[in-house]
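Overview (structure and organization)
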Amino acid sequence: MIRDIPSYGIYSLTYQYLSNKLKEKGWTDSRGIVADMVGGGCAGSFTWFLIMPFDVVKSRYQADLKGEFRSPLDCALKSYQSEGFKIFYRGVLVTCLRSLPVDATAFMVYAQTMRYLEGARE
């Protein structure tokens, strides 16, 4: 919950902002597909970069079969003490690169489907 609620807010707001700015400046095609894809891909990567520390703590806490961590906060503190700040961003490059095409496609399909459905209602 601590990871998901803020991340979806950041994700959606970033997509809307970037997509709208690209469309305002005319840096897209007539249907807005390029703006939707660039906005979606950038929104996904940006969001993953911001929430990566929370995801690392969540994953390490869930995988703790030995009972080493008493809480997520304890997990974060012990992880930081044993491996430093870099532990919270291990794998972030691959995750952000993976999210570019995934989120670009997801938002483009979403936006184009919404445009189609809105046109079908008229």
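As a reminder, the structure under discussion sits directly above these lines.
Described in the following lines is the structure provided in the data block. (Residues numbered from 1 in each chain as written. Predicted model: local features only at pLDDT ≥ 70, side-chain atom pairs only at ≥ 80, totals over all residues. Heavy atoms only, no water.)

1. Regarding a nonpolar patch on the surface
To be explicit about the condition: Within the patch definition used here, like charges are joined within 9 Å and nonpolar side chains (Val, Leu, Ile, Met, Phe, Trp, Tyr) within 5 Å, considering only residues with over 30% relative accessible area and no salt bridge. Areas reported here follow the Shrake-Rupley algorithm with a probe of radius 1.4 Å; residue values treat only the protein chains shown as occluding. Every case where a carboxyl oxygen of Asp or Glu lies within 4 Å of a side-chain nitrogen of Lys or Arg is listed as a salt bridge. The helix and strand labels rest on DSSP assignments: H or I over at least four residues marks a helix, E over at least two residues marks a strand, and numbering proceeds from the N terminus.
Judged by side-chain polarity, Tyr110, Met114, Tyr116 and Leu117 come together as a nonpolar surface patch covering roughly 450 Å² of accessible area. In this structure, Tyr116 sits in helix α4 (residues 92–121).

2. Let's talk about the pattern of salt bridges
Note the threshold: Exposure classes here rest on a 1.4 Å probe applied to the protein chains alone. A residue is buried below 20% of its type maximum, exposed above 50%, and partly exposed in between.
Per the counting criterion, the structure on display carries 10 salt bridges. Where Glu83 meets Arg60, a salt bridge forms, and the shortest distance between an N and an O atom there is 3.2 Å. Linking Glu83 in helix α3 (residues 72–83) with Arg60 in helix α2 (residues 33–62), this pair joins segments that are 23 residues apart in sequence. The class for Glu83 is partly exposed, based on a relative accessible area of 27%. The partner of Lys78 in a salt bridge is Asp74, and the shortest N-O contact between them spans 3.3 Å. Placement of the pair is Lys78 and Asp74 together in helix α3, with a separation of four residues, close to one helical turn. Residue classification places Lys78 among the partly exposed residues on the basis of a relative accessible area of 30%.

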